[in-house]
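Notes for the structure review
As a plain string of letters, each chain reads:
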Amino acid sequence: MQFDVFTLLPEVFPSYLNSSILKRAQENGYIQVDVHNIRDWTHDKHHVTDDTPYGGGGGMIMKPEPVFEAVEDILGNPPVCPLILMTPQGRPFSQKVADELVLHPRLGLLCGRYEGLDERIRQHLVTDEISIGDYVLTGGELPALILIDALSRLIPGVLGDENGAANDSHASGLLEGAHYTRPAEFRGWEVPAVLRSGDHGKVAQWRREGALRRTYERRPDMLEKIELSKQDRAFLERLRNSDEN
Ligand code: ADE
């Protein structure tokens, strides 16, 4: 999958992209991330990318010309792929949106800066708008990295273990339960015996119940949205009853 990022702060991308799993994903050809500096598409001496708003008011607005030129140069006109604007006004990002977006072989990501961008960019260039949450950051660079990260790990082969992403919190519609590693006892706290029993059936059931319990305790809203087995429902019923007593 290819990502083309359009930003005024290209320098913030390499340290994250060149670490760990995303680094390996690029080296092994699963993803390609090209970061484009919008400033490279200015033509004036001072490489101006923003200007004061029509009608007055505070703040600076990203000018349309360099953004249109950058995107058309890289993605073509008409563009070969969607162009997503990272903005707190966008549709909320989620695992479901990640599952949908990863189906595209290529995505353009436009990082807003300053107080905003000229509305014509939104109307005539951008094809989708995404928010990573109901809070406002200084720009779309971190949101773009978050989107790249969340999509990349869904591509088969990017995580070492093929099941990695399938068992994640959210992927199954449930939060993941507890995990343990050695030592079996640490400061008097023991790893649950069932995990050391070697009984795969019991371990699977313990994990399922742990995921159900954690989701019930922390995100009961998620339980409304997924299909549960008869056994799952019976377990949740027992949890509810023990809460009431
Ligand atoms: N840019 C600034 N805040 C943002 C947010 N919450 N999501 C996406 N892009 C943003």
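Below or above, wherever it landed, is the structure these notes cover. Numbering of residues begins from 1 in every chain and follows the order in which that chain's sequence is written. Under the rules for a predicted model, residues below a pLDDT of 70 receive no local features and side-chain atom pairs below 80 are neither given nor counted, while totals for whole chains, interfaces and linings still include all residues. The side-chain values count all of the structure's non-hydrogen atoms but skip hydrogen atoms and water molecules.

1. A closer look at the site of the ligand
Residues are counted as near a molecule or strand when any one of their heavy atoms sits within 4 Å of it. Surrounding the ligand, one finds Met86, Thr87, Pro88, Ile130, Ser131, Ile132, Gly133, Tyr135, Val136, Leu137, Gly139 and Pro143. A distance of 3.1 Å is found between a nitrogen atom of the ligand and a backbone nitrogen or oxygen belonging to glycine 133. One nitrogen or oxygen atom from the main chain of tyrosine 135 is found 2.8 Å from a nitrogen atom belonging to the ligand. Every element with two or more residues in the shell around the ligand is listed here: strand S5 (83-92) and strand S8 (128-131). Element by element, the count of residues in the shell around the ligand is highest for S5, at three residues. We call two N or O atoms a polar contact when they sit within 3.5 Å, provided that within protein one can donate a hydrogen and the other can accept it, with sequence-adjacent residues counted only if both atoms are side-chain atoms. Only DSSP runs of H or I with at least four residues qualify as helices, and only runs of E with at least two residues qualify as strands; both kinds are numbered from the N terminus onward.

2. Focus on the sheet that holds strand S3 (residues 50-51)
A pair of strands counts as paired when DSSP detects no fewer than two bridges linking them. Spatially, the three strands line up as an open sheet ordered S3-S4-S7, and their pairing is mixed. Edge strands, defined here as strands with exactly one partner in the open sheet, are S3 and strand S7 (116-117). Examined bridge by bridge, S3 and strand S4 (residues 61-62) share two bridges and lie antiparallel to one another. Paired with aspartate 51 across the two strands is isoleucine 61, which belongs to S4.

3. What about the pairing of strand S1 (residues 2-7)?
Strand residues, when the strand is regular, have side chains that alternate between the two faces of the sheet. Think of it in three bands: with a 1.4 Å probe and only protein chains considered, a residue is buried below 20% of the maximum accessible area for its type, exposed above 50%, and partly exposed in between. With six of six residues buried, S1 lies mostly within the body of the structure. Both faces of S1 are covered, namely the face carrying Gln2, Asp4 and Phe6 and the face carrying Phe3, Val5 and Thr7. The pairing of S1 with strand S2 (residues 32-37) spans six bridges and is classified as parallel. Within S2, the residue paired with glutamine 2 across the bridge is glutamine 32. Pairing between S1 and strand S6 (residues 106-111): five bridges, direction parallel.

4. Looking at a nonpolar patch on the surface
Judged by side-chain polarity, Tyr135, Leu137 and Leu142 come together as a nonpolar surface patch covering roughly 300 Å² of accessible area. Looking at where leucine 142 falls in the secondary structure, it is placed in helix H6 (residues 141-152). What makes leucine 142 exposed here is its relative accessible area of 55%. What goes into a patch is any residue over 30% in relative accessible area without a salt bridge, connected to like charges within 9 Å or, for nonpolar side chains (Val, Leu, Ile, Met, Phe, Trp, Tyr), within 5 Å. Each accessible area value is a Shrake-Rupley result obtained with a 1.4 Å probe; residue values ignore everything except the protein chains displayed when judging cover. Think of a salt bridge as a Lys or Arg side-chain nitrogen and an Asp or Glu carboxyl oxygen that are within 4 Å of each other.

5. Here's the deal with the nonpolar core
For this analysis, a nonpolar core means a set of buried residues of the types Ala, Val, Leu, Ile, Met, Phe, Trp, Tyr and Cys, connected via side-chain atoms within 4.5 Å. With 28 residues, the main nonpolar core has Phe3, Phe93, Leu101, Leu147 and Leu151 as its most contacted residues. Only S1, helix H2 (20-27), S5, helix H4 (95-101), S6 and H6 provide two or more residues apiece to this core. Of all the elements, H6 adds the most residues to this core, at six residues. Discounting chain neighbours no more than four positions away, the residues touching leucine 147 are Phe3, Met86, Phe93, Leu101, Leu107, Leu109 and Ile130. Whether two residues are in contact is decided by their heavy atoms, any of which lying within 4.5 Å being enough.

6. A short note on unusual backbone geometry
Residue asparagine 77 is joined to proline 78 through a cis peptide bond whose omega torsion reads 5°. Put simply, arginine 182 and proline 183 share a cis peptide bond, and its omega is 5°. Position of proline 183 relative to the elements: it lies in the loop between H6 and strand S9 (185-186). Residue serine 20 is not a glycine yet carries a positive backbone phi of 55°. Among the structural elements, serine 20 can be located in helix H2. Overall, serine 20 belongs to the exposed group, its relative accessible area being 57%. Backbone geometry at arginine 187 places phi at a positive 50°, although glycine is not the residue there. Relative to the assigned elements, arginine 187 resides in the loop between S9 and strand S10 (189-190). On the accessibility criterion, arginine 187 (69% relative accessible area) is exposed.

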